[in-house]
Amino acid sequence: MWLIMKVFLLQILAFLLFGGGIYCQASTRRLTFVVKEASYTRLCSTKNILTVNGQFPGPTIYAKKGETIIVDVYNKGKENITIHWHGVSMPRYPWTDGPEYITQCPIQPGSKFSQKIILSFEEGTLWWHAHSDWTRNTVHGAIIIYPKNGTKYPFPKPNAEIPIILGISVVTFKG
Ligand SMILES: *[C@@H]1O[C@H](CO)[C@@H](O)[C@H](O)[C@H]1NC(C)=O
Ligand SMILES: *[C@@H]1O[C@H](CO)[C@@H](O)[C@H](O)[C@H]1NC(C)=O
Ligand SMILES: [Cu+2]
């Protein structure tokens, strides 16, 4: 009897320590961003531009409200870089939000840094972009945040979704 009670008490303790946490923990996913040059052709002219994973615009991040995503950024380019999650409020965790020399040091060529995106109340479409000098001109993409499971956007379900990414072409832009 005593043994059974001890096991039972241990189970309660284990639930309090770990169990409760598991159910309310938001899911975490990892993505890989390889920053590298790739050739790109527009209006009959081809040149090398800085990209993420060879794509321009960069990959779209699809997420759900409340999710935490870790983006492993490998800098295989020639410039210092950081990636900024534009419009994500990152409550109490600005440390991997991107602004170079403000919340983090740049990721130097040949190195890797994991940037954590903490989605809290955001829902809808935001974007990410490089946050160091002119690199943002070509290093950017969309972040599409769907409502949590079991909830909906506050409007009827659209028939189609088409992300439109307006590129930046001004070198002096600071955003
Ligand atoms: C790249 O970052 C390092 C570390 O912050 C810095 O010492 C260096 O000057 C930077 N390079 C350029 C070209 O800004
Ligand atoms: C949300 O729904 C998707 C698709 O039905 C499912 O794969 C996923 O596991 C669900 N996530 C949670 C946290 O329940
Ligand atoms: Cu921005």
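This one's a predicted model, so the numbers in the text were calculated from it and none came from an experiment.

**Student:** Residues and numbers for the coordination of the copper ion (ligand 3), please.
**Tutor:** Protein ligation of the copper ion (ligand 3) involves His-86 (ND1) and His-129 (NE2), the donor distances falling in the range 1.9 to 2.0 Å. With His-86 in strand 5 (residues 83-86) and His-129 in strand 7 (residues 124-130), the pair connects residues that are 43 residues apart, well separated along the chain. What makes His-86 partly exposed here is its relative accessible area of 28%. Taking relative accessible area as the criterion, His-129 reaches 0% and is therefore assigned buried.

**Student:** Let's hear about the environment of Thr-96: which residues, and what values?
**Tutor:** By the secondary structure assignment, Thr-96 is in the loop between strand 5 and strand 6 (112-118). Taking the C-alpha atoms as reference, Thr-96 lies 9.9 Å from Val-71; in sequence the two are 25 residues apart. Contact partners of Thr-96, with chain neighbours within four places excluded, come to Ile-83, Trp-85, Met-90, Gln-104, Phe-113, Ser-114, Gln-115 and Lys-116.

**Student:** Explain the site of ligand 1 to me, using residue names and the numbers behind them.
**Tutor:** The full set of residues close to ligand 1 is Asn-80, Tyr-101, Pro-106 and Gln-108. Between an oxygen atom of ligand 1 and a side-chain N or O atom of Asn-80, the distance comes to 2.4 Å. Tyr-101 places a polar side-chain atom, nitrogen or oxygen, 3.0 Å from an oxygen atom of ligand 1. Against a free-state accessible area of 360 Å², the protein chains account for coverage of 40% of ligand 1. A breakdown of the residues in the shell around ligand 1 according to their chemical character gives 2 nonpolar, 2 polar and no charged.

**Student:** Before we move on, can you summarise the side chain of Asn-75 with the specific residues and values?
**Tutor:** Looking at the secondary structure, you find Asn-75 in strand 4 (residues 68-75). A polar contact is formed between the side chain of Asn-75 and the backbone oxygen of Glu-79, at a distance of 2.7 Å. The residues touching Asn-75, leaving out its near neighbours within four places in the chain, are Val-35, Asn-80, Ile-81, Ile-107, Gln-108, Pro-109, Gly-110 and Ser-111.

**Student:** I'd love a proper account of the sheet that holds strand 2 (residues 45-52), names of residues and values included.
**Tutor:** The 4 strands lie next to each other as 2-1-4-6, forming an open sheet whose pairing is mixed. Two strands bound the open sheet, and with one partner strand each, they are strand 2 and strand 6. Adjacent strand axes in the sheet meet at a mean angle of 25° when their direction is disregarded.

**Student:** Residue-level account of the environment of Thr-151, with values.
**Tutor:** When you line up the elements, Thr-151 lands in the segment after strand 8 (140-146). A residue is classified by how much of its surface remains accessible, and Thr-151, at 44% relative accessible area, is partly exposed. Along the backbone, Thr-151 and Lys-65 are 86 residues apart, and their C-alpha atoms lie at a distance of 10.0 Å.

**Student:** Give me the lowdown on the sheet that holds strand 8, citing residues and values where you can.
**Tutor:** Consider a sheet: its strands pair through backbone hydrogen bonds, and that pairing is either parallel or antiparallel. Sheet architecture is open: 4 strands sit in the order 3-8-7-5, paired in mixed fashion. Each edge of the open sheet carries a strand with a single partner, namely strand 3 (61-64) and strand 5. Averaged over all adjacent pairs, the angle separating strand axes in this sheet is 25°, with direction ignored. Here 4 bridges tie strand 3 to strand 8, and the two strands are oriented parallel to one another. Bridge pairing in strand 8 places Lys-64 opposite Tyr-146.

What counts and what doesn't
- Residues numbered from 1 in each chain as written.
- Chains lettered and ligands numbered in written order.
- Predicted model: local features only at pLDDT ≥ 70, side-chain atom pairs only at ≥ 80, totals over all residues.
- Heavy atoms only, no water.
- Donors = N, O, S within 2.8 Å, 3.2 Å for Na, K, Ca; no water.
- Helix = DSSP H or I, 4+ residues; strand = E, 2+ residues; numbered from the N terminus.
- Buried < 20%, exposed > 50% of the residue type's maximum accessible area, 1.4 Å probe, protein only.
- Contact = heavy atoms within 4.5 Å.
- Near = heavy atom within 4 Å.
- Polar contact = N/O pair within 3.5 Å; in protein donor to acceptor, adjacent residues only side chain to side chain.
- Areas by Shrake-Rupley, 256 points an atom, 1.4 Å probe, with all protein chains shown as cover.
- Nonpolar A, V, L, I, M, F, W, Y, C, P; charged D, E, K, R; others polar.
- Pairing = 2+ DSSP bridges.
- Axes fitted to C-alpha atoms, helices over the stretch in contact; angles between N-to-C directions.

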